[in-house]
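Here is what each chain is made of, one letter per residue.
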Amino acid sequence: MEGSLKELSQYRFQRAQEDLETAAILLREQKLKSSVNCSYYAIFHALRALTALDQFDSSKHSGVIAYFNRTYVKGGIFNKSFSKILDTSFRLREKADYQDFFIVSELMATEQLKKASIVLNELAPYLADRWEKM
């Protein structure tokens, strides 16, 4: 892959922001399962924007989440509430994507979007600070 870690991180965070915007549009259109999916991927790509700066990646979503929890939550950089957000977002997305007849309510999709917004809003200044120092 061409480019720097900073560029990769910025690209991934931009993708996270686009997924968040898409999730909001899908929620307004009552495409609730797809909104949940995009909200989760907004979180996931934001985490990968951060882990790129550490030169860490994983082929599994659970690996990225575990690394973030171990390095950034247990390390005291981000609040413990992030672990719960990540876990519930991951589980809801899996159910919405893979369980037949799973019903996503408007409330579930709205909460998922709010959680994704929280994560991106918390990560954005931290990432910007790290990018500036590169």
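Residues numbered from 1 in each chain as written. Predicted model: local features only at pLDDT ≥ 70, side-chain atom pairs only at ≥ 80, totals over all residues. Heavy atoms only, no water.

## Re unusual backbone geometry
With phi around 60 degrees, glutamine 55 is a residue other than glycine that occupies positive phi space. Mapped onto the elements, glutamine 55 comes out in the loop between helix 2 (32–53) and helix 3 (61–73). Residue classification places glutamine 55 among the exposed residues on the basis of a relative accessible area of 65%. In this structure, phenylalanine 101 is a non-glycine residue whose phi angle is positive, near 65 degrees. When you line up the elements, phenylalanine 101 lands in the loop between helix 4 (81–98) and helix 5 (106–132). Taking the relative accessible area as the measure of exposure, phenylalanine 101 reaches 79% and is therefore exposed. (Helix = DSSP H or I, 4+ residues; strand = E, 2+ residues; numbered from the N terminus. Buried < 20%, exposed > 50% of the residue type's maximum accessible area, 1.4 Å probe, protein only.)

## Brief notes about the nonpolar core
Among the nonpolar cores identified, the biggest contains 42 residues, and Phe13, Leu47, Phe68, Leu120, Leu123 and Leu127 are the most heavily contacted of them. Elements that contribute at least two residues to this core include exactly helix 1 (5–28), helix 2, helix 3, helix 4 and helix 5. The element contributing the most residues to this core is helix 2, with 12 residues. If sequence neighbours within four positions are ignored, phenylalanine 13 has contacts with Ala46, Ala49, Leu120, Leu123, Ala124, Leu127 and Trp131. (Core = buried A, V, L, I, M, F, W, Y, C linked by side-chain atoms within 4.5 Å. Contact = heavy atoms within 4.5 Å.)

## Some points on the packing of helix 1 against helix 5
The N-to-C vectors of helix 1 and helix 5 enclose an angle of 155 degrees; their axes lie 10 Å apart at closest approach. If you check the angle between helix 1 and helix 5, you find them roughly antiparallel. Two packed elements cross with a definite hand, and for helix 1 against helix 5 that hand is left-handed. Of the residues in helix 5, those touching helix 1 at Lys6, Ser9, Gln10, Phe13, Ala16, Gln17, Leu20, Ala23, Ala24 and Leu27 are Glu106, Ala109, Thr110, Leu113, Ala116, Ser117, Leu120, Leu123, Ala124, Leu127 and Trp131. In the contact of helix 1 with helix 5, the residues fall into 14 nonpolar, 5 polar and 2 charged. (Axes fitted to C-alpha atoms, helices over the stretch in contact; angles between N-to-C directions. Parallel < 35°, antiparallel > 145°, perpendicular 65-115°, else oblique. Left-handed = near helix turned anticlockwise from the far one by under 90°. Nonpolar A, V, L, I, M, F, W, Y, C, P; charged D, E, K, R; others polar.)

## A short note on the packing of aromatic side chains
Applying the stated criterion across every chain, the model contains 13 aromatic pairs. Plain terms: the ring middles of tyrosine 41 and phenylalanine 44 are 6.1 Å apart, the flat faces sit at 90 degrees to each other, and that makes the pair edge-to-face. Linking tyrosine 41 with phenylalanine 44, this pair stays in helix 2, spanning 3 residues, or about one helical turn. On the basis of relative accessibility, which here comes to 6%, the residue phenylalanine 44 falls in the buried class. Members of the aromatic cluster, each reached through a chain of ring pairs, are Phe68, Tyr72, Phe78, Phe82 and Tyr126. (Phe/Tyr/Trp six-rings, centres within 6.5 Å; stacked < 30°, edge-to-face > 60°.)

## Notes on the environment of leucine 26
Of note, leucine 26 is situated in helix 1. Along the primary structure leucine 26 and cysteine 38 are separated by 12 residues, whereas in three dimensions their C-alpha atoms are 8.6 Å apart.

Structural measurements only, silent on function.
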